[in-house]
There are 2 protein chains.
Amino acid sequence: MKVYLAGPEVFLPNAREILDEKIALTREAGFVPVSPGDLEIPRMPTPLTQGLEISRIDEQLMSSADAIIANLTPYRGIAADTGTVFELGFMSGRGKVAFAYTNVRADFHTRIRDWYGAPLVEDATGRLRGPDGLSVENFGMIDNLMLDGGVLARGGSVIVGNAAPERLYTDMAAFRMVLSVAAKRLLA
Amino acid sequence: MKVYLAGPEVFLPNAREILDEKIALTREAGFVPVSPGDLEIPRMPTPLTQGLEISRIDEQLMSSADAIIANLTPYRGIAADTGTVFELGFMSGRGKVAFAYTNVRADFHTRIRDWYGAPLVEDATGRLRGPDGLSVENFGMIDNLMLDGGVLARGGSVIVGNAAPERLYTDMAAFRMVLSVAAKRLLA
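Residues numbered from 1 in each chain as written. Chains lettered and ligands numbered in written order. Predicted model: local features only at pLDDT ≥ 70, side-chain atom pairs only at ≥ 80, totals over all residues. Heavy atoms only, no water.

Novice: Looking at this structure, I do not really get the overall build of chain A. What am I missing?
Specialist: Within chain A, the secondary structure is distributed over six helices and seven strands. In chain A, the succession of helices and strands from N to C terminus is β-α-β-α-β-α-β-α-β-β-α-β-α. The C-alpha radius of gyration computed for chain A amounts to 17 Å, which stays within 12% of the reference 16 Å derived for 188 residues, consistent with globular compactness. Along the longest, intermediate and shortest principal axes, the C-alpha atoms of chain A span 50 × 45 × 35 Å. The buried share of chain A, taken over its 188 residues, is 57%. Here the analysis covers contacts within chain A between residues at least 6 apart in sequence; of these, 68% occur between residues at least 24 apart. For chain A, the exposed surface amounts to about 7,700 Å²; the carbon and sulfur share of it is 55%. Taking the 19 positively charged and 23 negatively charged side chains of chain A as two groups, their mean positions are separated by 4 Å. (Helix = DSSP H or I, 4+ residues; strand = E, 2+ residues; numbered from the N terminus. Rg over C-alpha atoms; globule rule 2.2 N^0.38 Å. Buried < 20%, exposed > 50% of the residue type's maximum accessible area, 1.4 Å probe, protein only. Contact = heavy atoms within 4.5 Å. Areas by Shrake-Rupley, 256 points an atom, 1.4 Å probe, with all protein chains shown as cover. Lys, Arg positive; Asp, Glu negative; His and termini not counted. Charge placed at Lys NZ, Arg CZ, Asp CG, Glu CD.)

Novice: Looking at this structure, I do not really get helix 3 (residues 82-93) of chain B. What am I missing?
Specialist: Residues lying three or four places apart along an α-helix face the same way, a consequence of the helix completing one turn every 3.6 residues. All names here are of chain B. Under the 1.5 Å per step criterion, the end-to-end length of helix 3 is 16 Å for 12 residues, consistent within 8% with the ideal 16 Å. With respect to burial, helix 3 is a largely interior element, 12 of its 12 residues being buried. Looking only at helix 3, the buried set comprises Thr82, Gly83, Thr84, Val85, Phe86, Glu87, Leu88, Gly89, Phe90, Met91, Ser92 and Gly93. Backbone geometry just downstream of helix 3 places Gly95 in the positive-phi region, at approximately 75°. (Expected span 1.5 Å × (residues − 1).)

Novice: Help me out: how do you make sense of the pattern of salt bridges in this one?
Specialist: Close approach of charged atoms allows side chains of opposite charge to pair. Counted under the stated rule, the structure contains 16 salt bridges over all chains. A salt bridge links Arg113 of chain A to Asp114 of chain A, with the shortest nitrogen-to-oxygen separation between them at 3.8 Å. Among the salt bridges present, the one from Glu53 of chain B reaches Arg56 of chain B, with a minimum N-O distance of 2.8 Å. Placement of both Glu53 of chain B and Arg56 of chain B in helix 2 (residues 47-63) is noted, with a separation of three residues, approximately one turn of the helix. When its relative accessible area of 44% is taken as the criterion, Arg56 of chain B is described as partly exposed. (Salt bridge = Lys/Arg side-chain N within 4 Å of Asp/Glu carboxyl O.)

Novice: So what exactly am I meant to see when it comes to the confidence of the model for chain A here?
Specialist: Fine structural detail should not be taken from predicted coordinates in areas where pLDDT scores are low. The share of residues in chain A with pLDDT of 70 or more is 100%, and the mean pLDDT across the chain is 97. Scoring the predicted complex yields pTM 0.98 and, for the interface, ipTM 0.98. (pLDDT = per-residue confidence, 0-100.)

Novice: When you look at the interface of chain A and chain B in this model, what are you seeing that I'm missing?
Specialist: When the parts of a complex come together, some accessible area is lost, and that lost area is often used as the size of the interface. Residue-level contacts link 56 residues of chain A with 56 residues of chain B. Here chain A packs against chain B, burying approximately 4,200 Å² in sum over the two surfaces, 67% of which is carbon and sulfur. For chain A, the biggest contributors to the area lost against chain B are Arg76, Phe86 and Met146 of chain A; these three give 20% of the whole. Taken together, chain A and chain B are joined by two salt bridges. Put simply, Arg154 of chain A and Glu59 of chain B hold a salt bridge, and the shortest N to O gap is 2.6 Å. (Buried area = accessible area lost by both parts, 1.4 Å probe.)

Spelled out as structure tokens, the structure:
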């Protein structure tokens, strides 16, 4: 059972070390890890073709996997890394099993509210809106409902961790819990 | 040819009006529009089940479509709405044709640089990093490379608009251009 490991840790200065740690933990849990750094990316002539080549290879790696574990910890803002979110959608679209986790305890609603730093208002239909009029989700989910929904619709779980700020992308507690839940679900 | 219309306009106070405008333009271009508001969402007993029901119906609408046009205009921060990104990934995973547009001219690299508000640094391998050490994409793309890559890998196009800030989610110039390109590509 091959599991694709999606997450913003690829952007860390010590990405290789963290990816290797996730790979080792995934193997210990009984899965075959598939990770964004697994294949060498050929050097391409322009930034655009270089980016497209990385995308092509990551899609190829995903397509070789049976499941995904997506790290949806907020990235440069209040929502998950969009690359990871694309990958979660991609695997969901292919009908693969999906699991997700975050290292931040505050749910999406709380993070949006804090981001506005101003009271939300209820509109005529009872829907909460920010001061800019944009509606504010309040479903007790870790990110946009399509993400939690995509995971839960495929029998996966969403695990909420609570890492120290300085270990936001390196703390493995929630990831370990996902592996444990996924192993019970998929390898029993 | 059915086209699913993904974008953060569903969160606007005048969402119905804007969705209707996009639906009308899509029909004019020769496509059958499929839009998140097309099916009534049954009232569910809890916020979580309500969110899951919306996700289920949106996935069902997507699965009925042959293509997607994703509005990747930055949303509450420097990156696209994560719900829209999930949907772009979902349709890409299903091998559907994908198009994308943004109403913001500045590319992802520029937006990240501005967000840091501090100089980027080049690491030993020549990769640019923010003051926090996280690597900064520089591929001339509108968002994370998986998004642009997913669109271009499926024969779609990425269209860059330049809307006035007060028309960030309502300006139709880039959307009209996508429709025109998509019609030439898919309905010829």
